[in-house]
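Observations on chain architecture
Chain residues, written in single-letter form:
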Amino acid sequence: MKKYFHGTLSLTKLYLRQNRIFTLVWLLLPGIWVAINTISSLVLFPTQNALAEMGISLIDPLTNAMHGPLLDISVAGFVAWRTKVFLVLLGGIFSMIHMIRHTRLSEEQGKRELLEANVTGSLATLTAACISMIVTNAIAALLTIFTMVALGLEVIGSLAHCLGFFASASVLGILAGTVAQFFVSATAARGMSFGLLGALFGLHIMWNVSGGQNLLAYFNPLEWPLLVRPFAGEHFIMLLIPLVLGAALAALSMWLMAHRDVGAGLVPQRTGRAFAKPGLCNLSALAWRTQKSLFLAWFCFYGIFSFAMGYASYLMVNAVSSAEALTSLIKRLGGIDRAFLSLMLYIFGMLISIYVMMSAGILRREETAKGETLLSLPVQRERLVLSHMVYIFGGSAAIMLMSGFCAGLGAVIGTGDGTALSRLFFEMTGMIPAIWTIGGIALLLFGTLPRWMSGISYGVLTLFLLMEIFWEQQQIPEVLYALSPFSWITPLKAVQPMAAPLALYIVTIMLAGIGISLFQRRDAAL
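Residues numbered from 1 in each chain as written. Predicted model: local features only at pLDDT ≥ 70, side-chain atom pairs only at ≥ 80, totals over all residues. Heavy atoms only, no water.

With that settled, the discussion passes to the overall build of the chain. Counting its secondary structure elements, the chain contains 21 helices and 0 strands. Looking at the chain as a whole, 48% of its 526 residues are labelled buried. Put simply, 76% of the contacts in the chain that link residues at least 6 apart link residues at least 24 apart. When the accessible surface of the chain is summed, it comes to about 25000 Å², and 70% of that surface belongs to carbon and sulfur atoms. (Helix = DSSP H or I, 4+ residues; strand = E, 2+ residues; numbered from the N terminus. Buried < 20%, exposed > 50% of the residue type's maximum accessible area, 1.4 Å probe, protein only. Contact = heavy atoms within 4.5 Å. Areas by Shrake-Rupley, 256 points an atom, 1.4 Å probe, with all protein chains shown as cover.)

This is how it looks when you write it as structure tokens:
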């Protein structure tokens, strides 16, 4: 055993001390999200009768597809229902990032080889990553339990709710550790892990829409918080499923790691060309080589998904038909199906901001990995940034336009609305300035705080999304909401200033210009 696990405790302590801001957000965000939903629910539903009257309107097809059935019509049941999917996705994403970082990425950077050159076991890094991930999820769940109890929710139901998302997030993290054994690249392992999470989320939605019972649901981590039934006659015995499945995945990942070479993967790496292609002769070609996988994946996915959504929009009209807040939007756009498509494209637009962040992150990784080599050649710094700005801004615009075009084309075929193509295309065109503002913020951080760029960028985007949620719930004033670029493109407002797109373009140019200027004055790969 010493041969395999020696040094595990020391490595666990090390992993828990690293990435403190990342870990702090991981620990606090679940409790904060539950507290926000609990407080807003207590304000919106001061009595049980108020909640019971709203219960029917809350359960429409779209909401049911995302959250599943509402098990208990009470404030506690409503909070558990509204937060369980978000908590699983949040904890799962953090757990996957943590596991990939301390397994495959550490191995790719040569850290595992250095550790194993000393007195550490061959499985110590993977075991320490699993233990530190589970401990962090456990502390996050414990803090969430304290938050729920402090706000007056029942202890047993709160325990069941938090154990459900703790088990789900931990198993998703262990799944990422297993996936990491197959690929040589941390990027490939991370992409496959997130792809599996997306597939599980798609199955979750499909099962909720169908409304039928499926035995495979017992093996989907996104279903476990519902199967535990918090505040509705708790079924703690269901937690045996993640316990057994997590143990099996952990054992499998350790067996795979023990039977492969350091730095290798079970999926063989494709050998590269002996000589570069003739076209790889400038910064634009290098930027395309590094950005094309991300861009093409988002471009194709949004095109296919938008077409399917537009084609099936007539099936989803009941999803918004009972929402009183959308009455003015439905009247303004001329129908429920139009309101549904406008809202979905607005959500799509906000999600494309993630692509902008990821594309800007590639620029930062290129600077870290190849910056000194490139800048030692006759290459100007602004040209390096501009070659990637084509994909940060132009790529995001292309994805937006493709999404609007495909959604409109699907709506024309599915509903027979001949005006849908041009209407939805120009709606997505109008959202581009707000998405570009997010890119401007990322470039500003690239020039000023490159080491903190990723964390702050995603933090700012999360803040804007929270402001969107709070504004829709009338929890923040209009003046504060105006700080978000999404406030200037939302379809929920009847009138927007004519100069709003121009103002957002100017802000984007200023932010990007300042970021490039500061990048020219700071050290490379800082």
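What follows covers helix 17 (residues 381-415). Taking 1.5 Å as the rise per residue, helix 17 with 35 residues should run 51 Å; its terminal C-alpha atoms sit 50 Å apart, in good agreement. Where helix 17 bends most, the angle comes to about 35 degrees, and this point is His388. Just past helix 17, the residue Gly416 takes up positive phi, approximately 80 degrees. (Expected span 1.5 Å × (residues − 1). Bend = angle between axes of the 7 residues up to and from the residue.)

Moving on, we get to the pattern of salt bridges. One pass over the full model with this rule turns up 5 salt bridges. Of the charged contacts in the structure, one is a salt bridge between Glu107 and Arg260, with a shortest N-O distance of 2.7 Å. With Glu107 in helix 6 (residues 75-108) and Arg260 in the loop between helix 12 (240-258) and helix 13 (283-311), this residue pair connects regions lying 153 residues apart in the sequence. As far as the burial class goes, Glu107 and Arg260 line up, both buried. When the shortest N-O distance is used, the salt bridge between Glu367 and Arg364 registers 2.8 Å. Note that Glu367 and Arg364 are positioned in helix 16 (residues 336-375) at a spacing of 3 residues, about one turn of the helix. You'll find Glu367 and Arg364 in the same group, each marked buried. (Salt bridge = Lys/Arg side-chain N within 4 Å of Asp/Glu carboxyl O.)

Turning our eyes to something else, we now look at the side chain of Arg104. Along the chain, Arg104 falls in helix 6. In this structure the side chain of Arg104 is engaged in a polar contact, spanning 2.5 Å, whose partner is the backbone oxygen of Phe183. Dropping the residues within four chain positions of it, Arg104 is found in contact with Met99, Ala180, Gln181, Phe183, Val184, Ser185, Ala186, Ala189, Arg260, Gly263, Ala264 and Gly265. (Polar contact = N/O pair within 3.5 Å; in protein donor to acceptor, adjacent residues only side chain to side chain.)

The next subject is a nonpolar patch on the surface. A cluster of nonpolar side chains, namely Leu16, Leu24, Leu28, Ile32, Ile131, Val135, Ile139, Leu142, Leu143 and Phe146, defines an oily patch on the protein surface of about 810 Å² accessible area. Broken down by element, the residue count for the nonpolar patch peaks at 6 residues, all from helix 8 (residues 124-150). The exposure class of Ile131 is partly exposed, given its relative accessible area of 37%. (Patch = residues over 30% accessible without salt bridge, like charges linked within 9 Å, V, L, I, M, F, W, Y side chains within 5 Å.)

Helix 21 (residues 500-521) packs onto helix 17 with a crossing angle of 145 degrees between their chain directions and a minimal axis gap of 10 Å. Once helix 17 is placed against helix 21, the crossing between them reads as right-handed. Residue-level inspection shows Arg381, Glu382, Leu384, Val385, Met389 and Phe393 of helix 17 in contact with helix 21, the latter providing Thr508, Ala512, Ile516, Phe519 and Gln520. The residue makeup of the contact of helix 17 with helix 21, split by class, is 7 nonpolar, 2 polar and 2 charged. (Axes fitted to C-alpha atoms, helices over the stretch in contact; angles between N-to-C directions. Left-handed = near helix turned anticlockwise from the far one by under 90°. Nonpolar A, V, L, I, M, F, W, Y, C, P; charged D, E, K, R; others polar.)

It is at 8 Å that the axes of helix 17 and helix 18 (residues 420-448) come closest, and there the two elements cross at 155 degrees. It follows that helix 17 is roughly antiparallel to helix 18 by the angle criterion. Considering the relative orientation of helix 17 and helix 18, their crossing is right-handed. The class makeup of the residues in the contact of helix 17 with helix 18 is 23 nonpolar, 7 polar and no charged. (Parallel < 35°, antiparallel > 145°, perpendicular 65-115°, else oblique.)

Our next topic: a positive patch on the surface. Where like charges cluster on the molecular surface, the positive patch consists of Arg273, Lys277, Arg289 and Lys292. Tracing the backbone shows Arg289 in helix 13. Of the residues examined, Arg289 reaches a relative accessible area of 54% and is grouped as exposed. (Lys, Arg positive; Asp, Glu negative; His and termini not counted. Charge placed at Lys NZ, Arg CZ, Asp CG, Glu CD.)

Right, let's talk about the nonpolar core for a bit. With 63 residues, the main nonpolar core has Met309, Leu345, Tyr355, Val385, Leu443 and Phe486 as its most contacted residues. Contributing elements (two or more residues each) for this core: helix 13, helix 16, helix 17, helix 18, helix 19 (453-472) and helix 21. Top element by residues in this core is helix 16. It accounts for 15 residues. Not counting chain neighbours up to four residues away, the residues in contact with Tyr355 comprise Leu294, Phe295, Trp298, Tyr391, Gly395, Ser396 and Ile399. (Core = buried A, V, L, I, M, F, W, Y, C linked by side-chain atoms within 4.5 Å.)

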